[in-house]
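# A look at the structure
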Amino acid sequence: MTHSASSNPGPAPRQDVSQVRTVRVPDDRAGQRLDNFLLGQLKGAPRSLVYKLVRSGQVRVNGGRAKAERKLEAGDEVRIPPVRLSEEGDRPTPPKGLLDALEAAIVFEDARLLALNKPSGLASHGGSGISHGAIESLRALRPNQSLELVHRLDRDTSGLLVVAKKRSALTELQALMREDRDYDGIGIRKRYLALLTGRMPDGVMTVDAPLHVGLRQGGERHVQVNPAGKASLSHFKVLERRGGQSYCEVRIETGRTHQIRVHAQHIGHAIAGDDKYGDAEVNKRLRDQVGLKRMFLHASTLEFSLDNGKTPYLLNAPLAPELIDVLDRLA
């Protein structure tokens, strides 16, 4: 199947969001979070605006206030206040170079799912000053398809980003991710490739350390190991040592914000090139000596089953060329 950005028929007609609306939740949206439902109703609205509307009580569910994470039920009535959004045509479309790069980065697709080998530096979705995230760009590439993010990757992490083309697939996959286990009792298996600074010990190092997400001044998220945080479990396995650093496979059993990065820092072997949780001196040395200009963290493999365990998926995304070059120079 071939897909061409040039087949874009133009933007869809803009919704009238200037009036108060009451929307009844359809059956196929049962179980969806309120914030995600609103993002679907207010196309183009930044997440920050959606959360502000919910916090201020302007959004009502069945006449009452509700939290952003509330799971909606079929038949719920959601009051959506009037909002001002820029005209669809006023927002810049993603540049053709980005659309072409994303088309080439699709590593798997069937009737239900699309898997992208997301490049480092591209956010999973727009917002906070970012015009074009991966999902907005994919929607521009496929204007006649319904595309929804199943999960997210940090902006500087490359690798597998899964997008649902059908609501049923989105619902089932998000349920699996929430439960951290599939129908055989094993979670969606997530494997990453990472370069950790220093010499890790042989074998598998398991890190069982709860993580708490805090906000710094300006709203930036910062994650720390904290007993009051959420349970988080990561397994680090050294594949080989190069240039005094450790090239590892990382398997995670939970999907917390910045989990691998903070767990790596916690054990004293931060992710190479991580400018938030890493070692600035080591990062500078690796940049100067082997050309590492980004965080060396790549989501390489996702394994799961749909249809109550009857349909297995094994998705792989090859290591980014710039990271292969770094490994070669470290040898």
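Preceding this paragraph is the structure being described.
Residues numbered from 1 in each chain as written. Predicted model: local features only at pLDDT ≥ 70, side-chain atom pairs only at ≥ 80, totals over all residues. Heavy atoms only, no water.

### Overview of the overall build of the chain
Helix and strand counts for the chain stand at eight helices and 15 strands. For the chain, the proportion of its 331 residues judged to be buried stands at 45%. Summed over all atoms, the accessible surface of the chain reaches about 17000 Å², with 47% contributed by carbon and sulfur. (Helix = DSSP H or I, 4+ residues; strand = E, 2+ residues; numbered from the N terminus. Buried < 20%, exposed > 50% of the residue type's maximum accessible area, 1.4 Å probe, protein only. Areas by Shrake-Rupley, 256 points an atom, 1.4 Å probe, with all protein chains shown as cover.)

### Side note on the sheet that holds strand β1 (residues 21-24)
On the basis of which strands lie adjacent, the open sheet formed by three strands has the order β1-β3-β2 and antiparallel pairing. In the strand order of this sheet, the two ends are held by β1 and β2 (60-61), each with one partner. Inspection of the sheet shows β2 paired to strand β3 (residues 77-80) by two bridges, in the antiparallel sense. Note on β3: the bridge partner recorded for Arg 60 is Arg 79. Sheet strands touched by helix α1 (residues 34-41): β1, β2 and β3. Its angle to β3, the strand with the most contacts, is close to 60°. (Pairing = 2+ DSSP bridges. Contact = heavy atoms within 4.5 Å. Axes fitted to C-alpha atoms, helices over the stretch in contact; angles between N-to-C directions.)

### Quick look at the pattern of salt bridges
Within the structure shown, the criterion is met by 15 salt bridges. Here Arg 24 ties to Glu 77 by a salt bridge, and the two come within 2.9 Å at their closest N and O atoms. Of this pair, Arg 24 sits in strand β1 while Glu 77 is found in strand β3, placing the two residues 53 residues apart along the sequence. Exposure remark for Glu 77: the relative accessible area of 35% places this residue in the partly exposed category. Where Arg 112 meets Asp 307, a salt bridge forms, and the shortest distance between an N and an O atom there is 2.9 Å. With Arg 112 in the loop between β4 (106-109) and β5 (113-118) and Asp 307 in the loop between β14 (297-306) and β15 (311-316), the pair connects residues that are 195 residues apart, well separated along the chain. A relative accessible area of 18% means that Arg 112 is categorised as buried. Here the salt bridges do not stand alone but share partners, grouping Glu 103, Glu 109, Arg 142 and Lys 165 into one network. (Salt bridge = Lys/Arg side-chain N within 4 Å of Asp/Glu carboxyl O.)

### Some points on the packing of aromatic side chains
One pass over the structure, following the stated rule, counts three aromatic pairs. Aromatic pair Phe 304 and Tyr 313: ring centres 5.1 Å apart, planes at 15°, arrangement stacked. Members of the aromatic cluster, each reached through a chain of ring pairs, are Phe 108, Phe 304 and Tyr 313. (Phe/Tyr/Trp six-rings, centres within 6.5 Å; stacked < 30°, edge-to-face > 60°.)

### Things to note about the nonpolar core
With 35 residues, the main nonpolar core has Leu 116, Leu 138, Tyr 192, Leu 196, Phe 236, Ile 260 and Ile 271 as its most contacted residues. Ranked by residues supplied to this core, first place goes to helix α4 (residues 134-141) with five residues. Those residues in contact with Leu 138, other than ones at most four positions away along the chain, are Leu 102, Leu 114, Leu 116, Leu 147 and Val 163. Among the nonpolar cores identified, the runner-up in size contains 19 residues, and Leu 39, Leu 42, Ala 68 and Leu 72 belong to it. (Core = buried A, V, L, I, M, F, W, Y, C linked by side-chain atoms within 4.5 Å.)

### Observations regarding the environment of Gly 75
Topologically, Gly 75 is positioned in the loop between β2 and β3. Here Gly 75 falls in the partly exposed class, since its relative accessible area comes to 30%. Spatially, the C-alpha atoms of Gly 75 and Val 23 are 9.2 Å apart, while their sequence positions differ by 52 residues.

### Section: the side chain of Ser 246
Relative to the helices and strands, Ser 246 is located in strand β13 (residues 245-252). With relative accessibility at 0%, the residue Ser 246 sits in the buried group. Within the local environment of Ser 246, its side chain forms a polar contact with the backbone oxygen of Gly 198, the two atoms lying 2.7 Å apart. In terms of polar contacts, Ser 246 uses its side chain to reach the backbone amide nitrogen of Met 200, at 2.8 Å. When near neighbours in sequence (up to four residues on either side) are disregarded, Ser 246 contacts Ala 194, Leu 195, Leu 196, Gly 198, Arg 199, Met 200, Val 238, Glu 240 and Arg 241. (Polar contact = N/O pair within 3.5 Å; in protein donor to acceptor, adjacent residues only side chain to side chain.)

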